[in-house]
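# Descriptive structure summary
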Amino acid sequence: NPATNSWTTGSSMPTGRTGMAAGVINGRIYIAAGYPFLNVVEEYDPATNSWTEKPPMSRGRYGAASAVVNGKLYVAGGNDGSWTSSVEVFDPVANAWTSGPALTSPRGGLAGASFGGSIYLFGGFDGGSALSTVEKLTP
């Protein structure tokens with residue numbers, strides 16, 4: 001709470017994980033993927049302090065980047081047993097995942113941000129070296 005400069009504890013996530021992707025859509029927090037190679041997706045509603053399981057991603061992965069554009073959650077890259085360039089898109093209205101355009105190179109441990117209707121994907125690791133490249137995806 002920025003007004004009181006304090007933290008409170010909410011309801012725990014049903015699935016413990018690390019290396020997950022996250023995004024906020026319509027005041028709800030979506031947590032997708034994570035280690036160990038999870039395809040689990042959960043939605044947190046701060047108004048009710050409760051979690052709801054959502055449809056799973058097509059594959060388990062961790063270390064993916066995420067960003068929200070036009071009310072949809074994009075999860076890009078990560079590791080699903082090897083470094084991947086795949087992108088999956090969650091539409092909470094349809095309550096379904098679809099495939100998005102692939103990254104130009106496989107990578108995990110990258111960062112993602114949305115700006116001006118586009119998604120920017122920064123750095124990461126391709127299994128051999130740290131990357132300094134930036135990719136832009138405009139849905």
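Before reading further, recall that the structure is shown in the block above.
Residues numbered from 1 in each chain as written. Predicted model: local features only at pLDDT ≥ 70, side-chain atom pairs only at ≥ 80, totals over all residues. Heavy atoms only, no water.

### A look at the pattern of salt bridges
Our working definition: Throughout this description, the term salt bridge denotes a Lys or Arg side-chain nitrogen within 4 Å of a carboxyl oxygen of Asp or Glu. Here a helix means four or more residues in a row that DSSP labels H or I, a strand means two or more in a row labelled E, and each is numbered from the N terminus. Remark: exposure states derive from per-residue accessible area (1.4 Å probe, protein chains only) relative to the maximum for the residue type, with buried under 20%, exposed over 50%, and partly exposed in between.
Considering all chains together, one arrives at seven salt bridges under this definition. Note that Lys54 is salt-bridged to Glu43, the shortest N-O span being 4.0 Å. Residue Lys54 is located in strand E4 (residues 50-54), and its partner Glu43 is located in strand E3 (residues 41-45); the two are separated by 11 residues in the primary sequence. Both residues of the pair, Lys54 and Glu43, count as buried. Here Glu88 and Arg61 are joined by a salt bridge, their closest N and O atoms 3.1 Å apart. One end of the pair, Glu88, is in strand E7 (residues 87-91); the other, Arg61, is in the loop between E4 and strand E5 (65-69), and 27 residues separate them in sequence. Overlapping salt bridges, with partners in common, bring together Arg28, Glu43, Asp45 and Lys54 in one network.

### Focus: the packing of aromatic side chains
The geometry of an aromatic ring pair is captured by two quantities: the separation of the ring centres and the angle between the planes. Keep this limit in mind: Two aromatic rings from Phe, Tyr or Trp, using only the six-membered ring of Trp, form a pair when their centres are within 6.5 Å; if the ring planes differ by under 30 degrees the pair is stacked, by over 60 it is edge-to-face, and anything between is tilted.
On inspection of all chains with the given rule, the structure shows seven aromatic pairs. A ring pair is formed by Phe37 and Tyr62, whose centres lie 5.4 Å apart and whose planes are at 65°; its orientation type is edge-to-face. Placement of Phe37 in the loop between strand E2 (28-32) and E3 and of Tyr62 in the loop between E4 and E5 is noted, with a sequence separation of 25 residues between them. Given the relative accessible area of 39%, Phe37 is considered partly exposed. A relative accessible area of 23% places Tyr62 in the partly exposed class. On the basis of an interplanar angle of 45° and a centroid distance of 4.9 Å, the ring pair of Tyr44 and Trp51 is categorised as tilted. A relative accessible area of 13% places Tyr44 in the buried class.

### Brief notes about the environment of Val87
Quick note on the threshold: Whether two residues touch is decided by their heavy atoms; if any such pair falls within 4.5 Å, the residues are in contact.
The topology assignment puts Val87 in strand E7. By relative accessible area, which is 3% here, Val87 ends up buried. For the pair Val87 and Pro101, spaced 14 residues apart in sequence, the C-alpha to C-alpha distance is 6.2 Å. Apart from the residues within four sequence positions on either side, Val87 is in contact with Tyr74, Val75, Ala76, Thr98, Ser99, Gly100, Pro101, Ala102 and Leu103.

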